[in-house]
Amino acid sequence: MSDAPHLTARATGPLTGSVRAPGDKSMSHRAMILGAMATGVTEVEGLLEGDDVLATARAAEAFGATVERRGPGQWRVTGRGGLASPAGVIDCGNAGTGVRLLMGAAAGYDLNATFDGDASLRGRPMGRVTDHLERMGARFAWSGKPGLLPATLSGGGLTAIDHVQTVASAQVKSAILLAGLSAEGVTSVTEPEKSRDHTERMLRAFGAEVDVVDDGEGWAIRLKGGQRLTGTHVAVPGDPSSAAFPLAAGLIVPGSSVTVESVMLNPLRTGLFETWREMGADLTITNRRIAGGEEVGDITARHSFLKGVIVPEARAAAMIDEYPILAATAAFAEGRTVMRGVGEMRVKESDRIRLMVDGLRACGVAVEEEPEGFIVTGGRVPGGAVVHTAHDHRIAMSHLVLGLAAQNVVTVDEPDMIATSFPGFVEMMRGLGAEIG
């Protein structure tokens, strides 16, 4: 990654080649946290070594686990059967997933821990998790505005709850389930639509019993308290959210054919690929197989003439992180692409709806902003703008991909934040033939 304050992408010739996506970010966070909670050794391969996950790895060590890097993507976590009070502040950097899941995991133990993060993370709402943990018996003290970091947790003595989500959120669900491991009684979380289920899958891999049933109101996930985790082997597949960027470039740059190998194909993570196909994308999946308990495959994207679609609102939970890159590809599609029911985008690393609207408009794309979504009318993309990213890696990468097929160069500020989720992004894209620098 360059230390330059800006990165610029310009129209390029056909992109070709095969690459491998970084390890899945969601699974990488969970492997570190569950490994620290477990008894014994957890061997992790394919870990995403981005800034967010490394912050979670440091937190796991601070809570008492032994954490060792044994090679590229190869990590060993030796847990002691629970978490202990850390000696200092748990600095989660920019990792929203990391801090919310760590709060849930730590809440079940008799400990005190202070959580903090960078300026961006300090502005993101924690109450959506901590309110439910407090219902279970955890206590939080806020150094400043309630619901915003820094916050000090006093854990232990939890009682199970039945929680019905109004919006599908894997972070909220996961925090409650991790706390439920140490709570008295059976903890349940009911979702209106299924959110990503990596926590449930990985808990089972660590030896926990987790039931998932359709109870008529949605999908109910139930977990009995008092269960103990045992260290295991975790193979982390390629992150579909990261694979989306080179694949998107393959779709919009004329003459391109780009393959991303070993991408996770969990049906709760493939909403973007379904949407692209509805838009007319030439996407093929080969070499399907099972790795780390998840289906994976190699995805090839070829330049396609896309058309606008109405994205089903029910699909949002399966692709909430992919709407920025979907919007960038929609800028080249004929007609309107309607994206609604995605208000969750406003409380990510940034207000991603507003930033995508502003960035696309600066590049000459017609966009309508709504409270819970936005509409992109595609066609010719003039480009020629400097895009403000507000330290958001997905906003930066989405506009750099846009620039590869725009008429004029597109520049993004604060590109170093890309390393939080996709270390080596620029080098990978250059290897396919992209002009980014």
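This text goes with the structure placed above it.
K.L.:
Any chance you could break down the packing of helix α3 (residues 96-107) against helix α5 (residues 127-136) for me, citing the residues and the numbers?
P.N.:
For the pair α3 and α5, the least separation of the axes is 10 Å and the interaxial angle reads 10 degrees. Here α5 runs roughly parallel to α3, going by the angle between their axes. Taken together, the residues of α5 that come into contact with α3 (itself represented by Arg100, Met103, Gly104 and Ala107) are Arg128, Val129, Thr130 and Leu133.

K.L.:
Go over the layout of surface pockets with me, naming the residues and quoting the values.
P.N.:
Here the largest pocket defines a volume of roughly 820 Å³. Ala168, Ser169, Ala170, Ile320 and Glu344 are the residues nearest the centre of the largest pocket, which is lined by 44 residues in total. Sorting the residues of the lining of the largest pocket by element identifies α1 (25-37), α3, α5, β10 (162-164), α6 (170-180) and α12 (393-403) as the ones contributing at least two each. With four residues, the single largest contributor to the lining of the largest pocket is α1. Of the residues that constitute the lining of the largest pocket, the class distribution is 12 nonpolar, 15 polar and 17 charged. Approximately 330 Å³ is the volume found for the second largest pocket. A class-by-class count of the residues in the lining of the second largest pocket yields 11 nonpolar, six polar and four charged.

K.L.:
Provide a residue-level description of the pattern of salt bridges, including the pertinent values.
P.N.:
In this structure the tally under the stated criterion is 29 salt bridges. A salt bridge links aspartate 282 to arginine 302; the nearest nitrogen and oxygen atoms lie 3.5 Å apart. Residue aspartate 282 is found in strand β16 (residues 282-291), and its partner arginine 302 is found in strand β17 (residues 294-302); the two are separated by 20 residues along the sequence. On the accessibility criterion, aspartate 282 (33% relative accessible area) is partly exposed. The salt bridge partner of aspartate 321 is arginine 352, with a shortest N-O separation of 3.4 Å.

K.L.:
Can you lay out empty space enclosed by the protein for me, pointing to particular residues and giving the numbers?
P.N.:
Using the criterion set out here, one finds one cavity of 30 Å³ or more in the structure. By volume, the largest cavity amounts to about 80 Å³. Together, Met37, Ala38, Thr39, Gly81, Tyr109, Leu181, Ser182, Gln227, Arg228 and Leu229 line the largest cavity.

Criteria and thresholds
Residues numbered from 1 in each chain as written. Predicted model: local features only at pLDDT ≥ 70, side-chain atom pairs only at ≥ 80, totals over all residues. Heavy atoms only, no water. Axes fitted to C-alpha atoms, helices over the stretch in contact; angles between N-to-C directions. Helix = DSSP H or I, 4+ residues; strand = E, 2+ residues; numbered from the N terminus. Parallel < 35°, antiparallel > 145°, perpendicular 65-115°, else oblique. Contact = heavy atoms within 4.5 Å. 1 Å grid on protein atoms, 1.4 Å probe; cavity = no way out; pocket = protein on both sides within 12 Å on 5 of 7 lines; lining within 4 Å. Points joined across faces, edges and corners; volume = space filled by probe spheres on them. Nonpolar A, V, L, I, M, F, W, Y, C, P; charged D, E, K, R; others polar. Salt bridge = Lys/Arg side-chain N within 4 Å of Asp/Glu carboxyl O. Buried < 20%, exposed > 50% of the residue type's maximum accessible area, 1.4 Å probe, protein only.

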